[in-house]
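One letter stands for each residue in the lines below.
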Amino acid sequence: MEWKYVEQYLRTRTEYKGSGASGETRRLRYTKLYHGSYSSFSPDTAPDLDDFLYEPFYQLMRQRLLGDRMVQEHELGIDEAKVVVVVPEGNWAYRVICDRNAVTSPPLAQRWPEHETVEAVMRASLRDPAAKFAMVAPSTLLNTVVQSLPSETSEWARYWNVRYGV
């Protein structure tokens, strides 16, 4: 689970993480995992690892690949993994892939011009999007937890309400 409260990645000049020696190291580290038979990424819809070498997609790709590897290796007894990004509904600077002046990943924006959000692009790139990725508002997460465990979470819910207004 990743908490993204105020992060934003829209930039007029995007930072490509595939350049130079660091970019080559990233490709060496992730190519086999990205294209592996147990990878959640669909080779039909998301064939190029380099498209994900822009934030926030680079971080989301790494988290998804970590989950895939943990499931494959049954690390800590894990048999399924889902990347959940918690981000306020109003944080469009994180949620959208591009606006009039800025873009997160130019190749992904070009590949899926019909998808406006990070969530839609991530879902389009995965073999089983519902099982592998979710983006939820903090209020949705809080309400779900509180409904499941009302007495155990009352103090925690009050803290969230004061701290985050949810």
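Structure: above.
Conventions and cut-offs
Residues numbered from 1 in each chain as written. Predicted model: local features only at pLDDT ≥ 70, side-chain atom pairs only at ≥ 80, totals over all residues. Heavy atoms only, no water. Helix = DSSP H or I, 4+ residues; strand = E, 2+ residues; numbered from the N terminus. Rg over C-alpha atoms; globule rule 2.2 N^0.38 Å. Buried < 20%, exposed > 50% of the residue type's maximum accessible area, 1.4 Å probe, protein only. Contact = heavy atoms within 4.5 Å. Areas by Shrake-Rupley, 256 points an atom, 1.4 Å probe, with all protein chains shown as cover. Lys, Arg positive; Asp, Glu negative; His and termini not counted. Charge placed at Lys NZ, Arg CZ, Asp CG, Glu CD. Arc of directions from axis to C-beta. Phe/Tyr/Trp six-rings, centres within 6.5 Å; stacked < 30°, edge-to-face > 60°. Lys NZ or Arg CZ within 6 Å of the ring centre and 35° of its normal. Core = buried A, V, L, I, M, F, W, Y, C linked by side-chain atoms within 4.5 Å. Pairing = 2+ DSSP bridges.

(A) Main features of the overall build of the chain. From N to C terminus, the chain includes 8 helices and 3 strands. Traced from its N-terminal end to its C-terminal end, the chain shows the element sequence β-α-α-β-α-α-α-α-β-α-α. At 17 Å, the chain has a C-alpha radius of gyration in line with the 15 Å of a compact globule built from 166 residues. Across its three principal axes, the chain shows a C-alpha extent of roughly 50 × 45 × 30 Å. Residue burial in the chain is summarised as follows: out of 166 residues, 43% are buried. Sequence separation of 24 or more characterises 66% of the internal contacts of the chain that already satisfy a separation of 6 or more. As displayed, the chain has an accessible area near 9,500 Å², and 49% of this comes from carbon and sulfur atoms. Taken together, the 20 basic and 22 acidic charged side chains of the chain have centroids lying 4 Å from each other.

(B) Main features of the environment of Ser 19. Residue placement: Ser 19 occurs in the loop between strand S1 (2-3) and helix H1 (20-34). For the pair Ser 19 and Ala 131, spaced 112 residues apart in sequence, the C-alpha to C-alpha distance is 32 Å.

(C) Fine view of helix H5 (residues 118-125). When H5 is considered as a whole, its buried residues turn out to be Val 118, Val 121, Met 122, Ala 124 and Ser 125. An end-on view of H5 places all buried positions within 160° of arc, on one side of the element. Elements that come into contact with the buried residues of H5 comprise helix H2 (57-73), helix H3 (92-95), helix H4 (106-111) and strand S3 (133-136).

(D) Seen up close, the packing of aromatic side chains. The final tally for this structure, using the stated rule, is 7 aromatic pairs. On the numbers, 5.2 Å between centres and 40° between planes, the contact of Tyr 16 with Tyr 54 is tilted. Placement of the pair is Tyr 16 in the loop between S1 and H1 and Tyr 54 in the loop between H1 and H2, with a sequence separation of 38 residues. Residue classification places Tyr 16 among the partly exposed positions, given a relative accessible area of 28%. According to the relative accessible area criterion, Tyr 54 is buried, its value standing at 10%. Here the guanidinium or amino end of Arg 62 rests over the ring plane of Tyr 58, the centre of that ring lying 4.4 Å away. The positively charged end of Arg 111 is found above the aromatic ring belonging to Trp 112, 5.8 Å away from the centroid.

(E) Molecular detail of the nonpolar core. Judged by nonpolar contacts, the single largest core of 30 residues is most densely connected at Phe 52 and Met 61. The set of elements that each furnish at least two residues to this core consists of H1, H2, strand S2 (83-86), H4, H5 and S3. Here this core takes 5 residues from H2, the largest share from any one element. Among all residues touching Phe 52, those that are not within four sequence positions of it are Tyr 34, Phe 41, Ala 46, Phe 57, Tyr 58, Met 61, Leu 108, Met 122 and Ser 125.

(F) Representation of the sheet that holds S1 within the structure. One open sheet accounts for 3 strands, arranged S1-S2-S3; its pairing is parallel. Either end of the sheet is taken by a strand with one partner, and the two such strands are S1 and S3. Pairing geometry for S1 and S2, over 2 bridges, is parallel. When the sheet's bridge partners are listed, Trp 3 is paired in S2 with Val 86.

(G) Looking closely at the pairing of S2. Of the two faces of S2, the one lined by Val 83 and Val 85 and the one lined by Val 84 and Val 86 are each fully buried. Sheet topology places S2 next to S3; 4 bridges connect them, and they run parallel. The residue of S3 that forms the bridge with Val 83 is Phe 133.

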